[in-house]
Amino acid sequence: MVKMTVATKTKFPNRFDEVGSLLRPARLKQARADYEAHKITADELTNVENEEIRRIVKKQVELGLKDVTDGEFRRSWWHLDFFAGLKGVQYFVPEHGFIFHGEETRKGGVKFTGKIAYNPNHPFFDGFKFLNSIVPDGVTAKQTIPSPDVFFPNKDAEVYDEYYKGDFEALLNDEIEAYKQTVQHFYDLGCRYLQIDDTSWGMWASFSNGTLKPELKPLAEAAVKAINAIADSKPDDLTLTMHVCKGNYDSTWAGAGAYDPVADYLAQLHIDGYFLEYDDERSGGFEPLKKIADNGRDQRVVIGLVTTKKPQLETEQLLKDRINKASQFIPLNNLCLSPQCGFASTEEGNHLTEEDQWNKLRLVIKVAKSVWKDA
């Protein structure tokens, strides 16, 4: 594979950025329900998706964002829709949902029923082609997909292996190859900014106290292997970032705790930038950022100080104070600002209005421009 480098006006992650998902409008939710009830055709659902994606892309551009997403409007789940689009993977409805803080989510899971493999007809490809076709010059279409370690077999996450029979090394190698080819296909379609969304690191940190539990270390090592294999094979001018999430469903969360137990592993990743959640006390301190600052890779860290879980706006001074505190552990020049997560990791969405959502993004942009001269 020939690698190339092109000059870009905007370095990503941008000083003000967004994680990915946006609140689904009522019209889109109704269209999806009508499609499931066989009241409208797939083409009719796609037409509604296209119209609503055009609308929210236009809004993101008007706000001044340098990179925009399709809001994940074609998905029901942030992760399961992608996994189910690979070969050898099947979506199913389990007996229980995921257990969040005080709430059980809607039911959904995947099974490995064959060899995990790249699917050249994955529906996400057509979705990206449409998004990339409607962004104006000077704005970048950002694609999000779940991280490979979210795909590790885990009954609590409703991910089941019915094919590899416990041969984790074979599963891991097939998964890495599927991801490599998928990332390359996105690139060939024009993608230059790809983000992997990862709940594993946040959950592993929440299961540990200070240092990672011994039984989790092999999984963390496998995650580093998978992510680095993907990062090392990508074209040079494709930005690859990772969002570390601690759960985002119906304004609830799944994991709590500082990043310290996984910081050494995060610092080993060959990615271009991190999106880390720092919107409340669940996140712990900024000390783990020093591990990334000291790894010699000059990576950007986007700190998610603006919560997507409730409508109340943070004050500008609070955000500036938090940015200043983070800069004690990583140079200010390597920091950026974003909301803490997406606004709708699943189609249910968080407890905000669409105007609340835009106000949150306006706040991120305003504060970033006041802190960084190159924003």
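Reading the values: rules and limits
- Residues numbered from 1 in each chain as written.
- Predicted model: local features only at pLDDT ≥ 70, side-chain atom pairs only at ≥ 80, totals over all residues.
- Heavy atoms only, no water.
- Helix = DSSP H or I, 4+ residues; strand = E, 2+ residues; numbered from the N terminus.
- Polar contact = N/O pair within 3.5 Å; in protein donor to acceptor, adjacent residues only side chain to side chain.
- Contact = heavy atoms within 4.5 Å.
- Salt bridge = Lys/Arg side-chain N within 4 Å of Asp/Glu carboxyl O.
- Buried < 20%, exposed > 50% of the residue type's maximum accessible area, 1.4 Å probe, protein only.
- Pairing = 2+ DSSP bridges.
- Axes fitted to C-alpha atoms, helices over the stretch in contact; angles between N-to-C directions.
- Core = buried A, V, L, I, M, F, W, Y, C linked by side-chain atoms within 4.5 Å.
- pLDDT = per-residue confidence, 0-100.
- Phe/Tyr/Trp six-rings, centres within 6.5 Å; stacked < 30°, edge-to-face > 60°.
- Lys NZ or Arg CZ within 6 Å of the ring centre and 35° of its normal.
- Expected span 1.5 Å × (residues − 1).
- Right-handed = clockwise from strand over helix to strand, strands pointing away.
- Arc of directions from axis to C-beta.

Under an unreviewed UniProt entry, the chain has the name Methionine synthase, vitamin-B12 independent and belongs to Lentilactobacillus rapi DSM 19907 = JCM 15042.

Student: I would appreciate a short explanation of the side chain of Ser200 in the present structure.
Tutor: Here Ser200 is to be found in helix H6 (residues 200-207). Polar contacts involving the side chain of Ser200 include one to the side chain of Asp149, which spans 2.8 Å. Residues contacting Ser200, with those up to four places away along its chain left out, are Asp149 and Val150.

Student: What is the right way to read the pattern of salt bridges from this model?
Tutor: Per the counting criterion, the structure on display carries 23 salt bridges. For the salt bridge of Asp374 with Arg15, the shortest nitrogen-to-oxygen distance reads 2.9 Å. Remark: Arg15 occurs in the segment before helix H1 (26-36) and Asp374 occurs in the segment after helix H11 (354-371); sequence separation between them is 359 residues. According to the relative accessible area criterion, Asp374 is partly exposed, its value standing at 46%. The exposure class of Arg15 is buried, given its relative accessible area of 1%.

Student: Would you mind showing me how to read the sheet that holds strand E8 (residues 159-161) here?
Tutor: Each strand in a sheet pairs with its neighbour through backbone hydrogen bonds, running either in the same direction (parallel) or in the opposite one (antiparallel). Taken together, three strands build an open sheet; the order of strands is E2-E5-E8 and the sheet is mixed. With partners counted over all chains shown, the strands left at the sheet margins are strand E2 (87-92) and E8, one partner each. The mean inter-strand angle of the sheet, taken between neighbouring strand axes irrespective of direction, is 25°. Running at roughly 85° to strand E5 (residues 109-117), helix H5 (residues 168-188) makes contact with E5 and E8 of the sheet.

Student: Got a minute to help me understand the nonpolar core in this structure?
Tutor: Generally speaking, a soluble globular protein has its nonpolar side chains buried in company with each other. Residues Ile116, Trp201, Met242, Tyr274, Leu289, Val301 and Ile303 are the most contacted members of the largest nonpolar core, which totals 103 residues. A per-element tally of this core places helix H7 (residues 217-233) first, with nine residues. Filtering out sequence-adjacent residues up to four positions away, Trp201 remains in contact with Asp149, Ala220, Ala223, Val224, Ile227, Met242, Val244, Val262, Tyr265 and Leu266. Core analysis: the next-biggest nonpolar cluster, separate from the first, contains six residues, Phe12, Val19, Phe275 and Val302 among them.

Student: I would appreciate a short explanation of the confidence of the model for the chain in the present structure.
Tutor: Detailed conclusions should not be drawn from predicted coordinates in areas where pLDDT is low. Here the chain averages 91 in pLDDT, and 91% of its residues register 70 or above. Ignoring residues within four places in sequence, the model shows residues 1-9, a span with pLDDT below 50, making 15 contacts including any to other chains.

Student: Could you clarify how one ought to interpret the packing of aromatic side chains in this entry?
Tutor: Aromatic ring pairs are reported here in terms of the distance separating the ring centres and the angle at which the planes meet. Across all of its chains, the model carries 16 aromatic pairs by this definition. Among the aromatic residues, those joined into a cluster by ring pairs are Phe82, Phe83, Phe112, Phe124, Phe151 and Tyr179. Sitting over the face of the ring of Tyr187, Arg192 holds its NZ or CZ atom 3.7 Å from the ring centroid.

Student: For this particular structure, what's the right way to read helix H2 (residues 42-63)?
Tutor: Think of an α-helix as 3.6 residues a turn; residues three or four steps apart then line up on the same face. Here H2 is 22 residues long and its end C-alpha atoms lie 31 Å apart, about the 32 Å a rise of 1.5 Å per residue gives. In this structure, the buried side of H2 is in contact with H1, strand E1 (67-68), helix H4 (123-134) and H11. Gly64 sits one or two positions beyond H2 and adopts a positive phi of about 110°.

Student: Can you help me understand the pairing of strand E12 (residues 300-306) in this one?
Tutor: Looking along a regular strand, one sees side chains alternate from face to face of the sheet. A large share of E12 lies buried, amounting to seven of its seven residues. The pairing of strand E11 (residues 273-277) with E12 spans five bridges and is classified as parallel. Counterpart to Tyr274 in the pairing with E12 is Val301. Crossover connection from E12 via helix H10 (residues 316-326) to parallel strand E13 (residues 335-339): handedness right-handed.

Student: Explain H10 to me, please; I cannot follow it from the model alone.
Tutor: Among all positions of H10, only Leu319, Ile323 and Ala326 are buried. Here the buried residues of H10 occupy an arc of 60° about the axis, which is enough to place them on one side.

Student: Sorry if this is basic, but what is going on with the environment of Asp374 here?
Tutor: Between the C-alpha atoms of Asp374 and Asn333, which are 41 residues apart in sequence, the distance is 9.5 Å. Setting aside chain neighbours within four positions, we find Asp374 in contact with Arg15 and Arg300. Side-chain polar atoms of Asp374 contact the side chain of Arg15, separated by 2.9 Å.

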